[in-house]
Amino acid sequence: MAQKITFQTSKIIKLNDFLRKELPLEVAKKIDLKDSQCEFSNSKIRRLILSGCVFVNNQKMNRPAFELRGNSSITVYFDAEKFFYEKQTNDIDFVLTEKDILFEDQNLIFINKPAFFPVEKTIVEDRKNLHQVLVDYLWKRFPELRNPPYVGIMHRLDKDTSGVIVFTKNRPANKIISETFQNHNLTKEYIAICPIPTQQTQPHAKSQNIKVGDSFTVEGFMGRISGKSSQGKWGFISQKDGGQFSKTDFIVESKVKVEGIECLKIKCILYTGRTHQIRVHLSSKGFSILGDQIYGNEKSKVGKRLYLHASRLAFTNELGKYDIESEGLF
């Protein structure tokens, strides 16, 4: 999660030079930095600015060489995990086509997101993302527009997760969709593919007694359990320690064989939308999603991708009634 860091200065100095000098000192007050992290490189500072995380006098500033003059207020939204650890080794080169659009009207557009593709701009310079690809796609449809068409991000899927995601096409729709998500007045379903636990992989897991046709629910308070400057990992923590309530229903639908591994296909119905919620909830029951490098056991980590797919998104509000499905996880 990004932390808000503010500065005041009367110096005449380029923005990137100022941040390279001052930002490490402020970050060190909030997190423990390793020796290798204490000096922020020019390229990291440049990427931070270009990604839209820096504001000067309340205006987003994307120009690293912008010159600060007079009394300037600088605000930085700093995400330590992304700044220090983000990688892009397995990003795909995705080109949006008509077949990737699940439904569209004058207000909303539902996209079938591929795995290995981020939803929005990140700190990595020139990294492609679904939001920008969609803007480009719509602009090509309406080349007479002088400015890029509006596309609003209402929710997100992890880079490695595939499936249904919705964007707004105009600003009046933002408030309506935002309230729909905030109030949980919607249905969100996912499909997870999990290797069948064995005595060797999960010797004490209750999941060994769960079979096709069974259903179960996991709920509890969740929060981050890893360090702020390390790879993000979430788990169950107490409410008094900042945990947020989470709940998921699970239905074991069938047995499937994926990448030569006997697995269970599990439907996941979310009541809340916490970070890594499905992955944490399933692992707490002894299931690990195939391809999960963070919460998986040795058997499940061998998957070529994270086999988690947003299969259905449904809601009704003043914009209309929507029930959009995406089939075909593998």
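In the block above lies the structure referred to throughout.
Residues numbered from 1 in each chain as written. Predicted model: local features only at pLDDT ≥ 70, side-chain atom pairs only at ≥ 80, totals over all residues. Heavy atoms only, no water.

1. Structural notes on the nonpolar core
Side chains of nonpolar character tend, in soluble globular proteins, to be buried together.
So, point 1. Residues Ile111, Leu134, Phe167, Ile266, Ile278, Leu282 and Ile289 are the most contacted members of the largest nonpolar core, which totals 44 residues.
So, point 2. When near neighbours in sequence (up to four residues on either side) are disregarded, Leu134 contacts Leu96, Ile109, Ile111, Val151 and Phe167. (Core = buried A, V, L, I, M, F, W, Y, C linked by side-chain atoms within 4.5 Å. Buried < 20%, exposed > 50% of the residue type's maximum accessible area, 1.4 Å probe, protein only. Contact = heavy atoms within 4.5 Å.)

2. Considerations on the packing of aromatic side chains
So, point 1. Enumeration according to the criterion identifies 12 aromatic pairs in this entry.
So, point 2. On the numbers, 5.7 Å between centres and 35° between planes, the contact of Phe110 with Tyr322 is tilted. Placement of the pair is Phe110 in strand β8 (residues 108-113) and Tyr322 in strand β17 (residues 320-325), with a sequence separation of 212 residues.
So, point 3. A centroid spacing of 5.3 Å and a plane angle of 40° characterise the contact between Phe315 and Tyr322, whose relative ring orientation is tilted.
So, point 4. Taking relative accessible area as the criterion, Tyr322 reaches 4% and is therefore assigned buried.
So, point 5. Through pairs of rings, three or more aromatic residues link up here, namely Phe103, Phe110, Phe315 and Tyr322.
So, point 6. Above the plane of the ring of Tyr271 lies Lys247, whose end atom (NZ or CZ) is 4.5 Å from the centre. (Phe/Tyr/Trp six-rings, centres within 6.5 Å; stacked < 30°, edge-to-face > 60°. Helix = DSSP H or I, 4+ residues; strand = E, 2+ residues; numbered from the N terminus. Lys NZ or Arg CZ within 6 Å of the ring centre and 35° of its normal.)

3. Notes on the pattern of salt bridges
So, point 1. This model, assessed by the stated rule, comprises 18 salt bridges.
So, point 2. Of the charged contacts, one joins Arg69 and Glu67 as a salt bridge, the two residues approaching to 2.7 Å between their closest N and O atoms.
So, point 3. Arg69 gets classed as exposed once you look at its relative accessible area, which sits at 56%.
So, point 4. Judged by relative accessible area, Glu67 falls into the partly exposed class, the value being 34%.
So, point 5. Among the ionic pairs, Lys175 bridges to Glu179, the shortest N-O distance being 2.6 Å. Note that Lys175 and Glu179 are positioned in helix α5 (residues 171-182) at a spacing of four residues, about one turn of the helix.
So, point 6. Put simply, Glu189, Glu253, Lys265, Lys267, Arg312 and Asp323 are held in one network by salt bridges that share partners. (Salt bridge = Lys/Arg side-chain N within 4 Å of Asp/Glu carboxyl O.)

4. Considerations on helix α1 (residues 15-30)
So, point 1. Taking 1.5 Å per residue, 16 residues should reach 22 Å; α1 reaches 22 Å between its end C-alpha atoms and fits that length.
So, point 2. Along α1, the positions that sit buried rather than exposed are Leu15, Phe18, Leu19, Glu22, Leu23, Pro24 and Val27.
So, point 3. Each element contacted by the buried residues of α1 is listed here: β1 (3-9), β2 (13-14), α2 (42-50), β3 (54-56), β5 (67-68) and β6 (72-78). (Expected span 1.5 Å × (residues − 1).)

5. What about the sheet that holds β3?
So, point 1. In spatial order, the strands read β1-β6-β3-β4; together these four strands make up an open sheet with antiparallel pairing. Two strands in the sheet have a free side with no partner beyond their single neighbour: β1 and β4 (59-60).
So, point 2. The pairing of β3 with β6 spans three bridges and is antiparallel. If you follow Phe55 over to β6, its bridge partner there is Thr75.
So, point 3. Sitting on the sheet, α1 touches β1, β3 and β6, and the angle it makes with β1 is about 130°. (Pairing = 2+ DSSP bridges. Axes fitted to C-alpha atoms, helices over the stretch in contact; angles between N-to-C directions.)

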